[in-house]
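As a plain string of letters, each chain reads:
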Amino acid sequence: MLLNNCKKILFSIIFVACSVTLFAATTDLSVRFLDKANEAFEDNNIEDAYKYVNQALAVTKDKESQANVLYFAQTVYSVKLQNLLEKYDDMAFIDIQMNLEKYPNVENTKIKKLMKQIETEQANIAKAAEKAEVQAQRKIEAERFEAQQESLEAQTQAMKEQADAIKQQAEDTKQSQEALKEAIIKQAEVTQTTQAEFKNALETGLKDMGNAFTESAKEQKRSTKVIAFAVIGIAIIILIVVLLIIVIVRHGLKQQKIQQEQYVQAFKMLAATQNQTNRIMLGGAVDIYGQGNLRIAGTSTWAPAQALPDVTFTEEDEEELKQLAIKCEEIGQKIDSATGRKNNSKNVSEIVYKLSIQLGLPQGLAMLNFCAAMIYDAGFLGIDPDLLSSTTLSEEEKEAMKEHVNLAEKYLSFVPKKYWNVFEDAAMKHHENIDGTGYPKGLKGDEIPQIARLIRVAESYVSLSSRRSYRGAMDKESAVAALREQENLYDKDVVDVLEQIV
């Protein structure tokens with residue numbers, strides 16, 4: 001019994017000794033952290049002072065030491081918040097919020113006021129950024145509307161000019177028909193005159209013959225000789241009349257033949273004139289509604305592709321492109337939702353469309369580029385969502401992210417086969433660099449298709465001019481200047497045109 005009591009007393013002594021030693025060590029550690037925090041604060045190293053004072057808060061146990069640590073912590077926290085008010089850091093502010101929740105006794109009236117000021121200022125900055133984004137969007141919509149109005153006016157002017165040409169051709173045809181009508185009327189008058197002359201000659205001959213018969217009857221009474229002479233005279237007159245009739249008939253037949261030939265020539269001329277008019281009218285209709293040669297595949301030069309077959313831009317193609325654009329917009333929204341980049345697909349595709357028009361590409365190809373740029377990042381739909389939302393990536397994870405260019409193909413099955421090349425170039429080659437340092441194939445210069453070069457510039461500009469969690473948004477001039485500083489990555493011609501349209 002006595003032995004057990006001795007053991008209990010010994011254990012109690014050891015426990016008390018350990019507790020005193022641990023308390024003394026803890027108190028000493030708190031003092032050391034507080035001293036380091038004070039030294040850092042005196043050296044104006046607020047970050048280290050903040051770190052050490054938090055460590056002191058974590059190990060301080062006794063009330064007297066805790067009071068000293070809390071007083072100094074309030075000073076350090078106030079200075080750090082004042083620095084954040086001048087130069088905001090989102091991660092540092094969140095860290096202070098977490099520590100204030102952990103050590104609520106640190107928070108005083110000044111710290112609360114500074115926290116409120118920072119939160120209010122950041123809220124104002126966010127509102128201003130949102131307002132600027134709305135204004136920029138409105139400007140883009142206004143520019144798009146203005147471009148559509150200009151296009152409509154140009155088409156209206158072309159149709160008016162074509163209508164004037166058709167009207168002029170109709171007037172020329174009318175004049176030709178009137179001239180032909182006058183020629184036919186004149187020929188009819190000539191024929192009528194000839195027939196009248198023939199009639200007069202015939203009547204004159206018959207009248208002479210009648211007079212001859214009358215004279216012959218009178219002379220018959222006188223003598224047979226006179227009768228004989230009269231008969232001979234009559235015969236001669238009859239012969240002359242017959243010859244005259246023959247001459248007149250032959251002349252009439254000849255005139256009729258000439259008239260028929262003139263009719264034939266006149267109708268041939270009329271037919272030729274009518275065919276020419278039809279060709280002009282048909283040709284005009286093609287000029288008004290034709291859209292030129294629409295190239296459908298990517299190319300490495302800014303001129304229309306020469307090695308690919310033409311595609312007629314019909315009304316059916318226009319409707320097909322409209323439906324394709326609607327489908328691409330739906331998928332673009334899914335991509336932006338997955339990547340957390342608000343309106344990224346829409347902003348990139350609009351800039352690509354404007355670049356295409358400004359660089360002189362056909363309207364049809366510019367519209368195809370617009371659709372392809374809407375879903376150029378379709379491969380991200382096949383990437384792990386946790387990887388997409390991660391703020392820091394390891395080298396292995398970065399390589400996994402690069403695989404999105406090879407995953408896009410299965411999300412492009414809805415694209416018509418004749419447009420496939422443009423969409424494939426957009427999705428798989430938009431990370432190729434001019435100097436060949438890009439991926440996945442290391443293409444360089446003119447080896448990179450035009451749609452990929454357009455997206456490379458447009459995507460980078462949109463990224464630089466948009467606010468991110470780790471940085472603010474650049475203004476337009478700074479964003480373009482940043483692109484120019486990296487000539488090894490971007491097509492200089494495209495950057496030049498970008499500067500004109502933004």
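Residues numbered from 1 in each chain as written. Predicted model: local features only at pLDDT ≥ 70, side-chain atom pairs only at ≥ 80, totals over all residues. Heavy atoms only, no water.

Undergrad: Can you walk me through the nonpolar core in this structure?
TA: Inside soluble globular proteins, nonpolar side chains tend to come together where they are buried. Leu 324, Val 352, Leu 355, Ile 375, Phe 423, Leu 483 and Leu 498 are the most contacted members of the largest nonpolar core, which totals 49 residues. Mapped onto this core, the elements with two or more residues apiece are helix 7 (315–339), helix 8 (344–358), helix 9 (363–374), helix 13 (420–429), helix 14 (450–464), helix 15 (476–484) and helix 16 (492–501). Discounting residues that sit within four places of it in the chain, Ile 375 has contacts with Cys 328, Ile 331, Gly 332, Ile 335, Leu 412, Phe 414 and Phe 423. Membership of the second largest hydrophobic core comes to 29 residues, among which are Ala 40, Val 76, Tyr 77 and Phe 93. (Core = buried A, V, L, I, M, F, W, Y, C linked by side-chain atoms within 4.5 Å. Buried < 20%, exposed > 50% of the residue type's maximum accessible area, 1.4 Å probe, protein only. Helix = DSSP H or I, 4+ residues; strand = E, 2+ residues; numbered from the N terminus. Contact = heavy atoms within 4.5 Å.)

Undergrad: Any chance you could explain the state of the cysteines here in plain terms?
TA: Working definition of a disulfide: a covalent bond connecting the sulfur atoms of two cysteines. Overall, the coordinates contain zero disulfides when judged by the stated rule. With no disulfide of its own, Cys 328 has Cys 371 as its nearest cysteine by sulfur position, at a separation of 4.8 Å. Given a relative accessible area of 1%, Cys 371 falls into the buried group. (Disulfide = S-S within 2.5 Å.)

Undergrad: How should I be thinking about the layout of surface pockets in this particular structure?
TA: Volume-wise, the second largest pocket comes out at about 1,300 Å³. Taken together, 30 residues line the second largest pocket, and the ones lying closest to its centre are Arg 144, Gln 148, Tyr 353, Gln 363 and Met 367. Of all the secondary-structure elements, those providing two or more residues to the lining of the second largest pocket are helix 5 (109–220), helix 7, helix 8 and helix 9. When residues in the lining of the second largest pocket are grouped by element, the largest group, 11 residues, is from helix 5. Taken together, the residues of the lining of the second largest pocket break down into 13 nonpolar, seven polar and 10 charged. (1 Å grid on protein atoms, 1.4 Å probe; cavity = no way out; pocket = protein on both sides within 12 Å on 5 of 7 lines; lining within 4 Å. Points joined across faces, edges and corners; volume = space filled by probe spheres on them. Nonpolar A, V, L, I, M, F, W, Y, C, P; charged D, E, K, R; others polar.)

Undergrad: When you look at the packing of helix 15 against helix 16 in this model, what are you seeing that I'm missing?
TA: When two helices pack together, you describe them by how their axes are tilted relative to each other and by the distance separating the axes. The interhelical angle for the contact between helix 15 and helix 16, taken along N-to-C directions, is 175°, at an axis separation of 10 Å. Taken together, the axis directions place helix 15 and helix 16 in an arrangement best described as roughly antiparallel. Taken together, the residues of helix 16 that come into contact with helix 15 (itself represented by Val 480, Leu 483 and Arg 484) are Val 495, Asp 496, Leu 498 and Glu 499. Here the contact of helix 15 with helix 16 is composed, by residue class, of four nonpolar, no polar and three charged. (Axes fitted to C-alpha atoms, helices over the stretch in contact; angles between N-to-C directions. Parallel < 35°, antiparallel > 145°, perpendicular 65-115°, else oblique.)

Undergrad: Before we go on, may I ask you to explain a negative patch on the surface in this structure?
TA: A contiguous patch of negative charge on the surface is contributed by Asp 35, Glu 39, Glu 42 and Asp 43. With respect to the helices and strands, Glu 42 occurs in helix 1 (residues 2–42). The class of Glu 42 is exposed, set by a relative accessible area of 60%. (Patch = residues over 30% accessible without salt bridge, like charges linked within 9 Å, V, L, I, M, F, W, Y side chains within 5 Å. Areas by Shrake-Rupley, 256 points an atom, 1.4 Å probe, with all protein chains shown as cover. Salt bridge = Lys/Arg side-chain N within 4 Å of Asp/Glu carboxyl O. Lys, Arg positive; Asp, Glu negative; His and termini not counted. Charge placed at Lys NZ, Arg CZ, Asp CG, Glu CD.)

Undergrad: Sorry, what's going on with the packing of helix 7 against helix 9 here?
TA: Taken N-terminus to C-terminus, the directions of helix 7 and helix 9 make an angle of 25°; their axes are 8 Å apart at the nearest point. Between helix 7 and helix 9, the angle is such that the two are roughly parallel. Considering the relative orientation of helix 7 and helix 9, their crossing is left-handed. Residues Leu 321, Leu 324, Ala 325, Cys 328, Glu 329, Gly 332 and Ile 335 of helix 7 touch helix 9, and the partners they reach there are Gly 364, Met 367, Leu 368, Cys 371 and Met 374. Of the residues assigned to the contact of helix 7 with helix 9, the class counts are nine nonpolar, two polar and one charged. (Left-handed = near helix turned anticlockwise from the far one by under 90°.)

Undergrad: Please explain the packing of aromatic side chains as it appears in this structure.
TA: For any pair of aromatic rings, the description consists of the separation of the ring centres together with the inter-plane angle of the planes. Scanning all chains against the criterion turns up four aromatic pairs. Judged by centre distance (5.6 Å) and plane angle (75°), the rings of Phe 41 and Phe 72 are edge-to-face. Here the residue Phe 41 occupies a position in helix 1, and Phe 72 occupies one in helix 3 (residues 63–86), the gap between them amounting to 31 residues. Plain terms: the ring middles of Tyr 353 and Phe 370 are 6.2 Å apart, the flat faces sit at 80° to each other, and that makes the pair edge-to-face. Highlighted residues: Tyr 353 in helix 8 and Phe 370 in helix 9, separated in sequence by 17 residues. When its relative accessible area of 25% is taken as the criterion, Tyr 353 is described as partly exposed. Given the relative accessible area of 18%, Phe 370 is considered buried. Taking the ring centre of Tyr 50 as reference, the NZ or CZ of Lys 80 above it sits at 4.9 Å. The side chain of Lys 327 reaches across the aromatic face of Phe 414, ending 5.9 Å from its centre. (Phe/Tyr/Trp six-rings, centres within 6.5 Å; stacked < 30°, edge-to-face > 60°. Lys NZ or Arg CZ within 6 Å of the ring centre and 35° of its normal.)

Undergrad: How should helix 4 (residues 90–102) be read in this particular structure?
TA: The end-to-end C-alpha distance of helix 4 is 19 Å, a good match for the 18 Å that 13 residues give at a rise of 1.5 Å each. For helix 4, the set of buried residues is Ala 92, Phe 93, Ile 96, Asn 99 and Leu 100. All buried residues of helix 4 project into a common sector of 125° when viewed along the axis, lining one side. In helix 4, the exposed positions angled more than 90 degrees off the buried face are occupied by Met 91, Met 98, Glu 101 and Lys 102. (Expected span 1.5 Å × (residues − 1). Arc of directions from axis to C-beta.)

Undergrad: Would you mind showing me how to read the confidence of the model for the protein here?
TA: Interpretation of the predicted coordinates at a detailed level should be avoided for regions scoring low in pLDDT. Across the protein, the average pLDDT comes to 78, with 73% of residues at 70 or higher. When pLDDT is averaged over each element of the protein, helix 8 comes out on top at 96 and strand 1 (residues 293–294) at the bottom at 32. Considering only residues more than four positions removed or in separate chains, one finds that residues 15–26, a stretch of pLDDT under 50, has three contacts. pLDDT under 50 marks residues 262–300. Its contacts with residues more than four places away, or in other chains, come to 57 contacts. (pLDDT = per-residue confidence, 0-100.)

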